[in-house]
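Below are the chains, spelled out letter by letter.
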Amino acid sequence: DQQVKQNSPSLSVQEGRISILNCDYTNSMFDYFLWYKKYPAEGPTFLISISSIKDKNEDGRFTVFLNKSAKHLSLHIVPSQPGDSAVYFCAATRPGGSEKLVFGKGMKLTVNP
Amino acid sequence: SQTIHQWPATLVQPVGSPLSLECTVEGTSNPNLYWYRQAAGRGLQLLFYSVGIGQISSEVPQNLSASRPQDRQFILSSKKLLLSDSGFYLCAWSEPRTYQPQHFGDGTRLSIL
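The rules behind the values
Residues numbered from 1 in each chain as written. Chains lettered and ligands numbered in written order. Predicted model: local features only at pLDDT ≥ 70, side-chain atom pairs only at ≥ 80, totals over all residues. Heavy atoms only, no water. Helix = DSSP H or I, 4+ residues; strand = E, 2+ residues; numbered from the N terminus. Rg over C-alpha atoms; globule rule 2.2 N^0.38 Å. Buried < 20%, exposed > 50% of the residue type's maximum accessible area, 1.4 Å probe, protein only. Contact = heavy atoms within 4.5 Å. Areas by Shrake-Rupley, 256 points an atom, 1.4 Å probe, with all protein chains shown as cover. Lys, Arg positive; Asp, Glu negative; His and termini not counted. Charge placed at Lys NZ, Arg CZ, Asp CG, Glu CD. Pairing = 2+ DSSP bridges.

Caption draft 1: Region of the structure containing the overall build of chain B. The secondary structure content of chain B amounts to 0 helices and 11 strands. Going from the N terminus to the C terminus, chain B shows its helices and strands as β-β-β-β-β-β-β-β-β-β-β. Scaling as 2.2 N^0.38, a compact globule of 113 residues should have a C-alpha radius of gyration of about 13 Å, and chain B matches this with 13 Å. By residue count, 48% of the 113 residues in chain B fall in the buried class. The long-range share in chain B, meaning contacts at least 24 apart out of those at least 6 apart in sequence, stands at 55%. For chain B, the accessible surface area stands at approximately 5,300 Å², while carbon and sulfur atoms represent 51% of it. One way to put it: in chain B the 8 positive side-chain charges average out to a point 8 Å from where the 7 negative ones average out.

Listed below in structure tokens is the structure:
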């Protein structure tokens, strides 16, 4: 049973446009959500997070939106840059879970110059 | 600042041989430590986590074991490797508080022949 789902395996956008990466979750106990970026042969790098008491968190070009009723979150990157090309993972955790993260399978973003 | 070191970067081992992967964290005390595996085309699967010296929790039954002999050292081991143990192994740490992101090492690419 996959508790965190990234249903689209890939996304291709033009440089300067917006990239929207989606993530759905099934466990209503999750209350902290994170996005990671991963280049080949490297470990994931933390990008941005959001707790369930918020519906939006912004950090520079990156904004994460959380819709608790729909159990859905999204990552917006604007403007997209070629260096943003990577695999993006959505992750979630619940209180009392020793901060164990449950990851989605990832989505490959390609930003074309 | 905190850093995480993981080695080796790549490893080729024959079936049935032992394994020892090491991870160390610097610049923090009493971190939570984690071992993940990313199989080809799949997301990150949590294998083990530790909240303190000698405290190991296993997430999935497998051919692997973990140990934490020192506060900032986490070791992944196997007595006899299987072909199915191939993958990309990642160590991560987080502050021992809620709502803290995990930070990953650069990973070890393990190939079993």
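Caption draft 2: Looking closely at the sheet that holds strand S6 (residues 56-59) of chain A. Read from one edge to the other, the open sheet built from 5 strands follows the order S1-S3-S8-S7-S6 (chain A), with strand pairing classed as antiparallel. With partners counted over all chains shown, the strands left at the sheet margins are strand S1 (4-5) and S6 of chain A, one partner each.

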